[in-house]
Every structure is written in C-alpha cells, then in structure tokens.
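So the chains spell out like this:
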Amino acid sequence: HVAETAWANIANKFEEKVLLAFQKLASGEKGEQVAVELGLSQNSVYVYKKRVMAALQKEIAYLDEI
C-alpha cells in the first residue's frame, strides 16, 4: 500500500517516458531493449531509473514517518 501511494505521489513529477523506462527496467526488460523501444540512449534509460528510484525511496521514507 505504501509503495502504491508513493508511486502516485511522485508520478506527476516525471515525464511519461521517464516513468515508462523505469517500469520496463523494473519488470525485467534489458536496458538496451528499453532504449530502442523508447528512442532513448541506453545511458538515459539508466539515469532515469536512478532518478525515479531515488524519488520513490524518498517518498516511501516520508510516508513511513507520518
């Protein structure tokens, strides 16, 4: 439940392509494949993943405190 709430809270802070890259990597797709599908560089895909993960972890920590 906390993870779903955190996702809803951060989703509007990122472009759709960024969130999609994160979701695809999280579901097990390879970075190279995600980059081709989304028309991004492979490096961008991993940077996006890192940014979304950091925001998600921060939001989860915040929700755990309240």
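Before reading further, recall that the structure is shown in the block above.
Let me sum up the structure you'll find in this document.

Under the criterion given, the structure shown has one aromatic pair. Taken together, a centroid distance of 5.7 Å and an interplanar angle of 25° make the contact between Trp7 and Phe22 stacked. In this pair, Trp7 is assigned in helix H1 (residues 2–10) and Phe22 in helix H2 (residues 16–26), connecting sequence segments 15 residues apart. In this structure Phe22 comes out as buried when scored by relative accessible area, which is 7%.

Close contact between helix H3 (residues 31–38) and helix H4 (residues 42–65) brings their axes to 8 Å; oriented N to C, the two are set at 105°. When the axis of H3 is compared with that of H4, the two are roughly perpendicular. Here H3 contributes Gly31, Glu32, Val34 and Ala35 to the contact with H4, which in turn contributes Gln42, Val45 and Tyr46. A per-class count over the contact of H3 with H4 returns four nonpolar, two polar and one charged.

Here the focus is H2. Since the α-helix packs 3.6 residues into each turn, any two residues three or four apart lie on the same face. Listing the buried residues of H2 in full gives Val18, Leu19, Ala21, Phe22, Lys24 and Leu25. Taken together, the buried residues of H2 touch H1, H3 and H4.

Moving on to the side chain of Glu59. Among the structural elements, Glu59 can be located in helix H4. In this structure Glu59 is buried but unpaired, with Lys13 as the nearest side chain of opposite charge at 4.7 Å. There is a polar contact of 2.8 Å between the side chain of Glu59 and the side chain of Asn9. Ignoring any residue separated from it by four or fewer positions in sequence, one finds Glu59 in contact with Ala6, Asn9 and Ile10.

Quick notes on the rules
- Each chain has its residues counted from 1, following the order in which its sequence is written.
- Note on the predicted model: pLDDT of at least 70 is required for a residue's local features to be given, and 80 or more for side-chain atom pairs to be given and counted; whole-chain, interface and lining totals, by contrast, use all residues.
- By convention in this description, side-chain values take in all heavy atoms of the structure and omit both hydrogens and water.
- Within 6.5 Å between ring centres, the rings of Phe, Tyr and Trp (the latter by its six-membered ring) count as paired, and their orientation is classed by plane angle as stacked under 30 degrees, edge-to-face over 60, tilted in between.
- Only runs of H or I of at least four residues qualify as helices and only runs of E of at least two qualify as strands under DSSP, and these elements are numbered from the N terminus.
- Throughout, exposure labels follow a simple rule: accessible area from a 1.4 Å probe, protein chains only, divided by the maximum for the residue type, with under 20% read as buried, over 50% as exposed, and the rest as partly exposed.
- Note on method: axes are straight lines fitted to C-alpha atoms, helices fitted across the in-contact stretch only, with angles between N-to-C directions ranging 0 to 180 degrees.
- By definition in this entry, angles of less than 35 degrees are roughly parallel, angles greater than 145 are roughly antiparallel, angles of 65 to 115 are roughly perpendicular, and the rest are oblique.
- Here a residue-residue contact requires only that any non-hydrogen atoms of the pair lie within 4.5 Å.
- The classification used treats Ala, Val, Leu, Ile, Met, Phe, Trp, Tyr, Cys and Pro as nonpolar, Asp, Glu, Lys and Arg as charged, and all other residues, Gly among them, as polar.
- We score Asp and Glu as negative and Lys and Arg as positive, and we do not count His or the chain ends.
- A pairing counts as a salt bridge when a side-chain nitrogen of Lys or Arg comes within 4 Å of a carboxyl oxygen of Asp or Glu.
- Whenever a nitrogen or oxygen atom comes within 3.5 Å of another N or O atom, the pair is scored as a polar contact, on the condition that within protein one atom can donate a hydrogen and the other can accept it, and that pairs from neighbouring residues in sequence are kept only if both atoms are in side chains.

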